[in-house]
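Geometric and topological summary
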Protein chains: 2
Amino acid sequence: MQITILGAAGFLGRKLATRLARQGGLGTDKITHLTLFDLAEPPAPANPPFPVTTLAGNLTALPAAAIPPGTTHVIHLAAVVSAQAEADYTLGLDVNLHGTLRVIEACRRLTEAGGKPPRVVFTSSVASFSGGQSATLADDARQLPANSYGAEKAAAELLLADASRRRFLDAVSLRLPTITIRPGRPNRAASSFISAILREPLLGLPAELPVAEDFAAWIASPRRAVEWLIHAAWMDTASLGLDRGINPPGLRATMGEMLAALEAVRPGARDLVRRAPDAEIAAIVGTWPAAFAATRARMLGFTAHEPLIELVRAFIADDLAATRADRGLGD
Amino acid sequence: MQITILGAAGFLGRKLATRLARQGGLGTDKITHLTLFDLAEPPAPANPPFPVTTLAGNLTALPAAAIPPGTTHVIHLAAVVSAQAEADYTLGLDVNLHGTLRVIEACRRLTEAGGKPPRVVFTSSVASFSGGQSATLADDARQLPANSYGAEKAAAELLLADASRRRFLDAVSLRLPTITIRPGRPNRAASSFISAILREPLLGLPAELPVAEDFAAWIASPRRAVEWLIHAAWMDTASLGLDRGINPPGLRATMGEMLAALEAVRPGARDLVRRAPDAEIAAIVGTWPAAFAATRARMLGFTAHEPLIELVRAFIADDLAATRADRGLGD
């Protein structure tokens, strides 16, 4: 297996690369080469049992070396996130739509030269749906995005599904829930606060809640997201047919439930969270649905989500020390 | 009103331009300028009560003059049709996706310079859906295209809906049924035969039916399509919200019903139609649904379809003589 991760410097990309280096393969197949690509050169994982190439570049001018001949898997995580794509229309379109077209072109070149269609695991998003707080979306729910990021992701999904039908590649598009708890810093995703209200207090820092405590979100832990990415890379796609989009089984959680889990794990921590209503953020995230049936994903073997309290504990186990160090907060 | 028709040399574009020249305006508003754009310079309609500019060019290098300042309406009919987009992936993507992005850019430039968002009427297609013969699609049915043309149209719809939300433009995307009877010649649409089995016998020529007589299609006459385009250009879009896609109320007809209507209008004509099974054509059109609820379109004022026999008579009244002349068939 020869794997490329696009967007490999992001936290999911780094976790995935570390995991691949640790296990050396997927299922019974060994990894023979890993290529990591991002805007800035991504870090290589420690002690990989296979050669690793790290490349810096822009997705919209994707170099041939990023998806070299022999590539069997492309994990395409590269994106301009929601609030940024909303603020800079052209940048969002360039990366989220045109960047994905570059990935399709690269795969098409490989298959037209005789290669097997590479599995492309594409991270689409809950933000490609609307329906809001009261909706529970069925597996065949229509994507009617209320933000440019979601529109670009949904359009890219259509093009990847068509490229799969044409056998240029073999796509699985995972509409990821809001990943919680993201390590690192607040970012320009409109959903950044959903992680921040847990992460910042665990770091001893204050955080702001721009929505009400009964606001619900569809979330997934980094651990679960990495499991799903690996399953999407490895699963049999024969039964997918035309429909390459998967709504994985995330967790519906209100902000109040999340703060209660925080308080249970670290008593007193929720006092660091202050209510600071933000109409712009609330308008974006308010359109995202907070619940999905996710029946098809379960039948396809995507694992169920762990309880909320484990999601908080997993951040402490996996990411707290590195986040403290990364942000210069000492031990 | 300052109107641009993109794809104005096609038969729908010409019919629409003729109609606009005849009525001089939409509702109570007068047309002050009409711009006609296509690959080859489109013909100007006879005796227009307003100035007409005709332009030749490629949609993917859309000149600024095609959508000049002051444009209030863009009727975007330009497309690479289904069988051609299937045969030439890059061409289909260039025109159907990137061409539409050029239209969005042009409108965005006008609105960022202070203009009102132009109404963009986009012709999407029944081919952006799948489900096949047994399906009756609800208004919120998901577009799961089984051909590149449909994927490009559905992706373009998403981008136009997002551009509407951002107020770069004000889009209405009409998922047109298979237009029947198309004048002119057989073309590279997979659905070309649906018109040909009526048009060719009316011209005294033989035609081939590549599917069974009980094969059903979702069709609309050119007269009805022009009415819908005008309604989409003129209607109030305030109630559309995020959802800019309309499934207009076409007609479900089997090939047998169409041949019976032909025979009723021109006895003996159906003997010119020969069964010639074509697996490739059948595979493409077999995925298209043959029925839609079209409830929303009716509520929004899109007019109901006339009976099949009127569709045959309308071709004789509107298009038979011109088609004979165009094809050098004499009187």
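Just so it is clear, the structure is predicted and the values come from calculations on it, not from any experiment. (Residues numbered from 1 in each chain as written. Chains lettered and ligands numbered in written order. Predicted model: local features only at pLDDT ≥ 70, side-chain atom pairs only at ≥ 80, totals over all residues. Heavy atoms only, no water.)

**Focus: the packing of helix 4 (residues 148-165) of chain A against helix 4 (residues 148-165) of chain B**
For clarity, the cut-off: Angles here are taken between N-to-C directions and fall from 0 to 180 degrees, while the axes themselves are lines fitted to C-alpha atoms, restricted in helices to the stretch in contact. Put simply, DSSP H or I for four residues or longer makes a helix, DSSP E for two residues or longer makes a strand, and each gets a number counted from the N terminus. Orientation categories follow fixed angle ranges, with anything under 35 degrees roughly parallel, anything over 145 roughly antiparallel, 65 to 115 roughly perpendicular, and all other angles oblique. Whether two residues touch is decided by their heavy atoms; if any such pair falls within 4.5 Å, the residues are in contact. Only Asp, Glu, Lys and Arg are considered charged in this grouping, and only Ala, Val, Leu, Ile, Met, Phe, Trp, Tyr, Cys and Pro are considered nonpolar; every other residue, Gly among them, is considered polar.
Close contact between helix 4 of chain A and helix 4 of chain B brings their axes to 9 Å; oriented N to C, the two are set at 175°. With respect to helix 4 of chain B, the element helix 4 of chain A is oriented roughly antiparallel. Contacts between helix 4 of chain A and helix 4 of chain B involve S148(A), A151(A), A154(A), A155(A), L158(A), L159(A), D162(A) and R165(A) from the former and S148(B), A151(B), A154(B), A155(B), L158(B), L159(B), D162(B) and R165(B) from the latter. Here the contact of helix 4 of chain A with helix 4 of chain B is built from residues that sort into 10 nonpolar, 2 polar and 4 charged.

**Some thoughts on the sheet that holds strand 11 (residues 216-220) of chain B**
All names here are of chain B. Our working rule: Between any two strands, at least two bridges found by DSSP are needed for them to pair.
Read across the open sheet, the 3 strands follow the order 9-11-13; overall the sheet is mixed. Only two strands of the sheet have a single partner each, and these edge strands are strand 9 (178-179) and strand 13 (251-254). Here strand 11 pairs with strand 13 via 4 bridges, running antiparallel. In the strand pairing of strand 13, W218 is matched with R252.

**Quick look at the confidence of the model for chain A**
Definition in use: As a per-residue measure, pLDDT tells how confident the predictor is, with possible values from 0 to 100.
Of all residues in chain A, 100% have pLDDT values of 70 or greater, and the mean over the chain is 96. Across the interfaces of the predicted complex, the ipTM metric reaches 0.96, alongside a pTM of 0.97.

**Re the packing of helix 5 (residues 192-202) of chain B against helix 10 (residues 308-318) of chain B**
Residue and element names in this part refer to chain B. The condition is simple: With the far helix as reference, a near helix turned anticlockwise by less than a right angle produces a left-handed crossing, and one turned clockwise produces a right-handed crossing.
The contact between helix 5 and helix 10 brings their axes to 11 Å, and the two run at 50°. Between helix 5 and helix 10, the angle is such that the two are oblique. The chirality of how helix 5 crosses helix 10 is right-handed. For the pair helix 5 and helix 10, contact is made by L198, R199 and L202 and by L311, V312, F315 and I316, respectively. Looking at the contact of helix 5 with helix 10 residue by residue, the class counts come to 6 nonpolar, no polar and 1 charged.

**Some details on the side chain of S130(B)**
Heads up, the rule is: The term polar contact refers here to a pair of N or O atoms within 3.5 Å; inside protein, the definition further demands a hydrogen-donor-capable atom paired with an acceptor-capable atom, and it admits residues adjacent in sequence only when both atoms are side-chain atoms.
Within the fold, S130(B) resides in the loop between strand 7 (119-125) and helix 4. At a separation of 2.5 Å, a polar atom in the side chain of S130(B) contacts the main-chain carbonyl oxygen of L144(B). Residues within four places of S130(B) in sequence aside, it is in contact with L242(A), L137(B), L144(B), T287(B) and P289(B).

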